[in-house]
Amino acid sequence: MKKTLFLLLFFLCFSSFTKADSLDYWQVYYYSILNKIEVETFDISDSEREIAIKITNFDNLNIAFDYLTVDYHSNSPCVECERYIFVENVREQVITKGEAIGKSTPIKIRMADIVKYYRSTKNKYYDFFYIKKNPYGKVVKLLLFRLKVE
C-alpha cells in the first residue's frame, strides 16, 4: 500500500513539470496564380508572430487569385465546429474573413481585400484571429499572427 501511495504522489508531483507533447499549431500559406509558398508555421507558445509582405509583390492583374490560407491543427479537434479567420485592423474593425466547418479544412483569406484596404488607408498592420464556435454556442477567439504590409 505504501509503495502504491508513493508512486501516486511521485507522478502527481512531477506531472506538473512535464511539457505537453502536442500543442495547437497553424501553418500559413500564400497562394498566387502560379505558386504555393509556405510562409510560416506558428504554435501556441510562440511569442513573436508577425509576417511581413511587400505591397510590391501584388500585381493588379492577378490580385484576385492571391490568397492566404491558415491551416489550424488542434490536439482537441472539433468536427462539428464552425471555424473562422477574422482579419482586423488596429481599431478592431473586420476587414475580411474566411470560414470553414470541420477540423481539417484550411481557411482562405483573399489578399485582394487586404490590399484594397491598405491602398485606401495605408494601414500597415492586420491581426488574424482564429474563432471557433462549437454546436453549443461556446466561442473561442485566438490571435494567430499579425500581418505587416510594407
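Quick note: structure is the one above.
Residues numbered from 1 in each chain as written. Predicted model: local features only at pLDDT ≥ 70, side-chain atom pairs only at ≥ 80, totals over all residues. Heavy atoms only, no water.

**A few points about the overall build of the protein chain**
Selection rule: Counting from the N terminus, the helices are the DSSP runs of H or I reaching at least four residues and the strands are the DSSP runs of E reaching at least two. A simple rule labels every residue: compare its accessible area, found with a 1.4 Å probe on the protein chains alone, to the largest value its type can have, and call it buried under 20%, exposed over 50%, or partly exposed in between. Here, two residues are considered to be in contact whenever any of their heavy atoms come within 4.5 Å of each other. Per-residue accessibility takes into account occlusion by the displayed protein chains alone, with areas from the Shrake-Rupley method and a 1.4 Å probe.
Each helix and strand counted, the protein chain has two helices and nine strands in total. Counting all 150 residues of the protein chain, 37% fall into the buried class. Put simply, of all contacts in the protein chain between residues at least 6 apart along the chain, 55% involve residues at least 24 apart. Of the roughly 10,000 Å² of accessible surface on the protein chain, 56% is carried by carbon and sulfur atoms.

**Considerations on the sheet that holds strand β8 (residues 125–133)**
Definition in use: One requirement defines pairing of two strands: DSSP has to find at least two bridges between them. Helix axes use the C-alpha atoms of the stretch in contact, all axes being lines fitted to C-alpha atoms, and the angles between their N-to-C directions lie in the range 0 to 180 degrees.
Pairing in this open sheet of five strands is mixed, and the strands run β3-β9-β8-β5-β6 from one edge to the other. Edge positions in the open sheet fall to β3 (50–53) and β6 (94–101), since each of these has one partner strand only. Between one strand axis and the next, the sheet turns through 25° on average, direction left out of account. With four bridges connecting them, β3 and strand β9 (residues 139–149) associate as parallel partners. Bridge pairing links Glu50 to Arg146 in β9.

**Let's talk about the side chain of Gln27**
Mapping Gln27 onto the fold places it in strand β1 (residues 25–31). Overall, Gln27 belongs to the buried group, its relative accessible area being 17%.

**Some remarks on the nonpolar core**
This is how it is decided: Throughout, nonpolar core names a set of buried Ala, Val, Leu, Ile, Met, Phe, Trp, Tyr and Cys residues whose side chains join them through atoms within 4.5 Å.
Formed by 32 residues in total, the largest nonpolar core has its most connected members in Trp26, Ile114, Tyr126, Phe128, Leu144, Phe145 and Leu147. Per-element accounting of this core gives the leading share, six residues, to helix α2 (residues 111–121). Residues within four places of Tyr126 in sequence aside, it is in contact with Val87, Glu88, Ile95, Ile114, Tyr117, Tyr118, Thr121, Phe145, Arg146, Leu147 and Val149.

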